[in-house]
Each structure stands twice: as C-alpha cells, then as structure tokens.
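Examination of the molecular architecture
What follows is the residue order along each chain.
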Amino acid sequence: MVCLWLVCVFIACVSLTSGLIVNVKPSHLVHTKNDSKQRSAPSSLIQTFVPSFPLQPRYGEFVFYNQVQNLATTLRNTLSTLFILDAFEKTSSQALALTATLSFLARDGAGMVSTLCFSRYAQPFSLSTDVKRWRYAADITCNVALGLEFITSYVLNMPQNALVLSLCLANCLKSICGMMAGAASGPIDFYFAGRDSSNLPELNSKSQAQHTLSNGVGIIAGALLSRTVSGLSKTRSRVILYVGYTILTLCHLIANARLLRTVAFNTINSERLRIIISGYKQLGRIKTPDEVAAEESLLFRPGFGFRCRKLRVGVACDGDEVLVENEGVIVKENRGVKDVLLKEGVTTLEGHYCGAAGTATLSFGDFEKSLEEAGWEVKETQLRDFGWRFREEESTKNIE
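1. Concerning a nonpolar patch on the surface
Taken together, the side chains of Ile 140, Val 144 and Leu 299 define a hydrophobic patch exposed on the protein surface, amounting to about 230 Å² of accessible area. Considering the arrangement of structural elements, one finds Ile 140 in helix H6 (residues 131–155). Ile 140 sits in the partly exposed class, given a relative accessible area of 32%.

In structure tokens, the structure reads:
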C-alpha cells in the first residue's frame, strides 16, 4: 500500500509541470498589458512554470525527466536524514542533540574542504567540453553518497566515530556532486535558452519554480512515508525501505540518462567527432546533432575519445613513423600515440579529423561543408589543441 501510494504521488508530481510544457502552444505565451485581469487559472499556472520565449522541441521531455530525478533525490534525502538521526539515537541516546549537532558540523566542514579541493584540481577544459559526462558523473556521485549514508546509518551497527567519519565522506561526495552539476548546468541552460543569454534569467527562474514544486512534494511524501514506515514492524519496514530506496535510485539514474539525451549540442568535441567519423564510414553521411546525442557516451572511461593519451594535436615533437602527410598536416606515430603537427593557419578541427579519420576518403573541405549542412558548428569547437604550429622546418608556438 505504501509503495503504491508513493508511485501515485511520484507520477502526479512529474506529470504536472511537464504536461503543462508539452501541451503549451506559442499563442499561450503571448499576452498584452490589458489582459492581465482576464487571465485564467491555467494561464497563470503556465506562466509560473513555463518560459515565455520560444521553447526547444524537447524541453518538455527534459523537464519531465528532470522532475523525476529531482523528486527521487528529495525522497532519498528525507529517508537518509531519518536513518542518520535514528543511528545517532542508537549510539548516544543520552546526548542526541549535542552529538548530532557536532556530527553535522563536522560533516558540513568536510564538505566545504572537498569543494575547495575539487575547485583547485578540476580541469577547466574537461568541464567545458564533456558537459554531459560530468553531469552524469555528478548524478552517480550523488547516488554513491546517499547509498553510503543509507548503508552506514541504517544497515550497519557502527560505532559513533566510524559513523561520523562515514557521514563526512558522504557529504564530501555530495559537495563534489554539487560542483560538477553546477559546472555542467550552465551549458545545458544556455542550450535550452535558445543560445541567447538574455533568456537565461527567465529560464533559471522557471527552473527554480519547477524544482520547488518537486521538492515540496518530495518532502511531504518523504515525511508521510517515514511516518507510515515507523508504525510497521522492524522487518517489514526494512524490506519496504530497501525496495523503495533501490527503485528510487534506479529511477534517478535512468531519468538522468534520458534527460541528457534530450540535449543535442551542435559543438564538436572528441566524443562527438568519433561518432561523426564512424557514422560516415558506415552510412556514407554525416549524422545530425540529434542522432549523435542519442549515441554519445555519458560515462568516463580510460582513454576515451581523442584525449591527449591517444591523439595529440598541435604538438611540437617528432614521431617515429609518418602515418598521414598532406598540405599543412603531418600525423606521426610516437609510442602508440598519434602526434599531429599543424602548419600555421590550419584549424584544430582539421588536425583532429586527419588524425582520427586515417584512411577516410572524404577530404577535409568536403567534410567541413557536410558538417555545416548537418547543423554542426565548425568555427568554434571543443577539441584540445596544444597550440604549436610549424613553418617549413621550424616550430613556433601560436599565441592567440
């Protein structure tokens, strides 16, 4: 009964705002100064959650999955707080308030330190070029943190010091999650704002309203669920919480993966270039941003894409074996790594294409033209370039 009630609340919340956005028409977004007194309740509700500028085709789908993952996180946070307080009550029932206060202070302090460390050692280039990977990595980190709190505070009978240390580690992961998600949210918001910075304030305000709705419903549902579970037997409550927590975690991961698939960036990074080139070799045409968005990987993996460990573009070193040599581009093999030497005036995109395509029959000029026709941005890319260019027989660094 509890699980059924939880599912009903879950579906009702995520359907409310997303349904408004999916069914809204452009005419609903236009109003004059004289119609403010005649607005209906649905119109006012639409203006609360829906931006007034023209929306991206898949914005409603994005909001739906965003509401699902946000509600799943809110419910698990509520349950996690219940588990933590229950664990402190078991370990130190005589000084619960003082123990919990000091433990929460230590947990928050650890989170602040981890935030500073991540800001210091994070790679700005990777954060800007692998937005989707960092966003999904943030979601996985959040799940690991909540899972750690759940296991240590509810499943295991840990001593108080070990419990505090575990909570500090979990909050460190939460803080890192917030940093990664915050860094990734900027490009995603800019995409749904129609790549117009003037639309960003309104989009952010509507997103906050949507999050407020799902957070409010999540807190109420979590409180009612906690009260319902507390009245059951210990064995039955554990089963319900285990099953519910697992379902919410799976919903969170699946919803975030589907959410990121709705974002079709038209800027080229290493992963998208790999899919474009392999798609051309298989299909004989350039895939569109929407097609690439459905295929690009959301997970980091060792040696993924064309990172400098596999392909180095714009370097000044010589390799052992010349693989490709044409006007302006020289690709050499150096201990299993491709080094691409570029002449002055050669773009980063051309260097990556020559280094990655290998024996592709399509010339770079035709390739670049096909990219533009498919809707890709070719003037500005998110490809790594070490910045060196050569003139005849000398290397000089291109400082722009």
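2. Digging into the pairing of strand S3 (residues 329–334)
With five of its six residues buried, S3 lies for the most part within the structure. Taken together, the six bridges between S3 and strand S4 (residues 337–342) define a ladder with antiparallel strand orientation. In the strand pairing of S4, Val 331 is matched with Val 340. Hairpin connection between S3 and S4: a loop of two residues separates the two successive antiparallel strands, and Arg 335 in this loop has a positive phi of roughly 55°.

3. So, the side chain of Asn 70
Topologically, Asn 70 is positioned in helix H3 (residues 59–91). Sequence-distant contacts of Asn 70, that is, excluding residues within four places in its chain, are made with His 211, Ser 214 and Asn 215.

4. A look at the packing of helix H12 (residues 348–357) against helix H13 (residues 364–374)
Packing of H12 against H13 brings their axes to within 11 Å, and their N-to-C directions diverge by 115°. Put simply, H12 runs roughly perpendicular to H13. Between H12 and H13 lies a crossing whose hand is right-handed. On H13, the residues touching Leu 349, Glu 350 and Tyr 353 of H12 are Phe 364, Phe 367 and Leu 371.

5. A short note on the confidence of the model for the chain
Across the chain, the average pLDDT comes to 77, with 74% of residues at or above 70. The secondary structure element of the chain with the lowest average pLDDT is strand S6 (residues 394–397), at 46, and the one with the highest is helix H11 (residues 289–293), at 93. This stretch, residues 24–38, has a pLDDT under 50; its non-local contacts, to residues over four places away or in other chains, come to twelve contacts. Every residue in residues 303–308 is under pLDDT 50, and counting partners more than four places away or in other chains gives 19 contacts.

The rules behind each value
Residues numbered from 1 in each chain as written. Predicted model: local features only at pLDDT ≥ 70, side-chain atom pairs only at ≥ 80, totals over all residues. Heavy atoms only, no water. Patch = residues over 30% accessible without salt bridge, like charges linked within 9 Å, V, L, I, M, F, W, Y side chains within 5 Å. Areas by Shrake-Rupley, 256 points an atom, 1.4 Å probe, with all protein chains shown as cover. Salt bridge = Lys/Arg side-chain N within 4 Å of Asp/Glu carboxyl O. Helix = DSSP H or I, 4+ residues; strand = E, 2+ residues; numbered from the N terminus. Buried < 20%, exposed > 50% of the residue type's maximum accessible area, 1.4 Å probe, protein only. Pairing = 2+ DSSP bridges. Contact = heavy atoms within 4.5 Å. Axes fitted to C-alpha atoms, helices over the stretch in contact; angles between N-to-C directions. Parallel < 35°, antiparallel > 145°, perpendicular 65-115°, else oblique. Left-handed = near helix turned anticlockwise from the far one by under 90°. pLDDT = per-residue confidence, 0-100.

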